[in-house]
Amino acid sequence: MKDVKVLLNDIKERIFNGVDLGGLPQMTDSERREFLLQQTERLLSTQENRQLVKWLNDLFIKKHKGYEMPVEDNPLWFPYSFTFNSKIEGLTDDEIIFARFAVRLAYFTYCMYTRFGYPFNVSVFIGEEMDDRAIDDDDEEIEVEYDYKERLAEDAPESIFTLDNTPLTDWIKLTPYKRVAVGMMSLMISTAGEKAAKLNSVEQDYYFRFYGFSGIDLDNPVECYDYVRIGFETLERGMEHLQEAKERGLDREGGSIVDALCCNYSHDYPQKYVECARAIQQIATQMLPEDSETMSTEKRSDWVHEVINAIDDELMKFDIDLDTREYNLCLNYLLDWLDLKYNAKMYESEF
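What you are looking at is a predicted structure, and each value in this text was computed from that prediction instead of being measured. (Residues numbered from 1 in each chain as written. Predicted model: local features only at pLDDT ≥ 70, side-chain atom pairs only at ≥ 80, totals over all residues. Heavy atoms only, no water.)

Asker: I would appreciate a short explanation of the pattern of salt bridges in the present structure.
Answerer: Pairing between side chains becomes possible if they bear opposite charge and their charged atoms approach one another. All told, the structure shown has eight salt bridges when counted by the stated rule. Close ionic contact of Glu41 with Arg179 constitutes a salt bridge, the shortest N to O distance being 3.3 Å. In this pair, Glu41 is assigned in helix H2 (residues 29-44) and Arg179 in helix H9 (residues 178-196), connecting sequence segments 138 residues apart. Salt-bridge contacts for Arg229 lead to Glu233; the nearest nitrogen and oxygen are separated by 3.3 Å. (Salt bridge = Lys/Arg side-chain N within 4 Å of Asp/Glu carboxyl O. Helix = DSSP H or I, 4+ residues; strand = E, 2+ residues; numbered from the N terminus.)

Here you go:
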């Protein structure tokens, strides 16, 4: 227990130097969340403090130099353990409250600092009103593998980090914690990109190119504001693009084929590309064998080759020439589409 007390004391001295912690034990859940946001913003605001973010997180995910406490024996490291009222032997009530707060801060701040792909229970960190569609099962929040079909089903939204979660998006737009807003926006973009990864490679690239803007200076509030603004514009354009495909009478798969043929996600659905997409979608569907899910590697390779040959003939009819495209990116996108159709059959889903 000496190691735990030393660890907590080091956290107070390094992370909370000059911060008044006297009122922490008496805070309500709402007040504690606000205090956590304040400390997260502070820790993200300077390069020196951001180094402390990594140090604090490392304490709870691996054996840290100077502490003889393997992670599996560390009673502080797992943030969701703090949803229970269990006592940590040898610590006072105030020390337990501080320990719980420190781990939540470590986890949340690191999620905001890394800014990539860490979905979590929003209610724990910024309020229950933000998580109307949040997953109740804590284990689901840290599960790496999950069933994409279930997450895409109408009654199982993939994530709360979407534009239609108005309470969350309003909070991101209005919060004074601009560094936290940057982290939340990155989660929204990465969520959109991860969903697209199982649907449309062109759409996935569209969202992941947003990370070209991620090298911003967190010391600069203006850059943080611009990052959030551009992020919302990126998401809104993406949704508008899907809506336009729907209005053209295309399903999710048909829209992704047009994207592949155009090699980008910012086109306006030229008529010949729409007609070509419908034609090659029908060809590939008709050619998909009944045993597609259990085909051998060799049979799958033969099938792809046959489909590409059939598609190539159709492309010539519409005067769409893949061979003139740099790096043949269009063909690569079409191959990705066939891979998705073969492996996942995701295009049964509606928009």
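Asker: It is not clear to me how the side chain of Asn57 should be interpreted in this structure. Could you clarify?
Answerer: In this fold, Asn57 is placed in helix H3 (residues 47-61). Aside from chain neighbours lying at most four places away, what touches Asn57 is Ala106 and Tyr110. (Contact = heavy atoms within 4.5 Å.)

Asker: Where do I start with a negative patch on the surface in this structure?
Answerer: A contiguous patch of negative charge on the surface is contributed by Asp312, Asp313, Asp319 and Asp321. Positionally, Asp321 belongs in the loop between helix H14 (297-317) and helix H15 (329-343). Assessed through its relative accessible area of 38%, Asp321 is described here as partly exposed. (Patch = residues over 30% accessible without salt bridge, like charges linked within 9 Å, V, L, I, M, F, W, Y side chains within 5 Å. Areas by Shrake-Rupley, 256 points an atom, 1.4 Å probe, with all protein chains shown as cover. Lys, Arg positive; Asp, Glu negative; His and termini not counted. Charge placed at Lys NZ, Arg CZ, Asp CG, Glu CD. Buried < 20%, exposed > 50% of the residue type's maximum accessible area, 1.4 Å probe, protein only.)

Asker: Can you walk me through the packing of H2 against H9 in this structure?
Answerer: For any two helices packed against each other, the geometry comes down to the angle between their axes and how far apart the axes lie. At their nearest, the axes of H2 and H9 sit 8 Å apart, and the two run at 90° to each other. Here H2 is positioned roughly perpendicular relative to H9, judged by the angle of their axes. Here Leu37, Thr40, Glu41 and Leu44 of H2 lie close against H9, whose contacting residues are Lys178, Arg179 and Val180. When its residues are assigned to classes, the contact of H2 with H9 shows three nonpolar, one polar and three charged. (Axes fitted to C-alpha atoms, helices over the stretch in contact; angles between N-to-C directions. Parallel < 35°, antiparallel > 145°, perpendicular 65-115°, else oblique. Nonpolar A, V, L, I, M, F, W, Y, C, P; charged D, E, K, R; others polar.)

Asker: Which parts of the structure should I look at to understand the environment of Asn220?
Answerer: As for its placement among the helices and strands, Asn220 is situated in the loop between helix H10 (201-208) and helix H11 (221-247). On a C-alpha basis, the gap between Asn220 and Lys178 in space is 9.6 Å, while along the polypeptide they are 42 residues apart. At 2.9 Å, the side chain of Asn220 and the backbone nitrogen of Val222 are in polar contact. (Polar contact = N/O pair within 3.5 Å; in protein donor to acceptor, adjacent residues only side chain to side chain.)

Asker: Is there a simple way to think about the nonpolar core in this case?
Answerer: Ranked by internal contacts, the top residues of the largest apolar core, which has 99 residues, are Ile11, Phe120, Ile126, Met184 and Leu261. Counting residues per element, this core draws most heavily on helix H4 (residues 93-114), which supplies eleven residues. (Core = buried A, V, L, I, M, F, W, Y, C linked by side-chain atoms within 4.5 Å.)

Asker: Help me understand H14, please; the structure alone is not making it clear to me.
Answerer: Two residues of an α-helix separated by three or four positions point the same way, owing to the 3.6 residues in each turn. Over its 21 residues, H14 extends 31 Å from the first C-alpha to the last, a length consistent with the 30 Å expected when each residue adds 1.5 Å. Buried residues of H14: Trp303, Val304, Val307, Ile308, Ile311, Glu314 and Leu315, and no others. Axial view of H14: buried residues confined to an arc of 135°, hence all on one face. Of the residues in H14, the exposed ones pointing more than 90 degrees away from the buried face are Glu298, His305 and Met316. Asp319 sits one or two positions beyond H14 and adopts a positive phi of about 60°. (Expected span 1.5 Å × (residues − 1). Arc of directions from axis to C-beta.)

Asker: Is there a simple way to explain unusual backbone geometry in this structure?
Answerer: A negative phi angle characterises most non-glycine residues, just as the trans form characterises most peptide bonds. In the Ramachandran plot, Tyr269 falls in the positive-phi region, its phi being about 55° despite a non-glycine side chain. For Tyr269, the position within the fold is in the loop between helix H12 (252-262) and helix H13 (271-287). Assessed through its relative accessible area of 2%, Tyr269 is described here as buried. Of note in the backbone geometry, Asp319 takes a positive phi value of approximately 60° without being a glycine. With respect to the helices and strands, Asp319 occurs in the loop between H14 and H15. Here Asp319 falls in the exposed class, since its relative accessible area comes to 62%.

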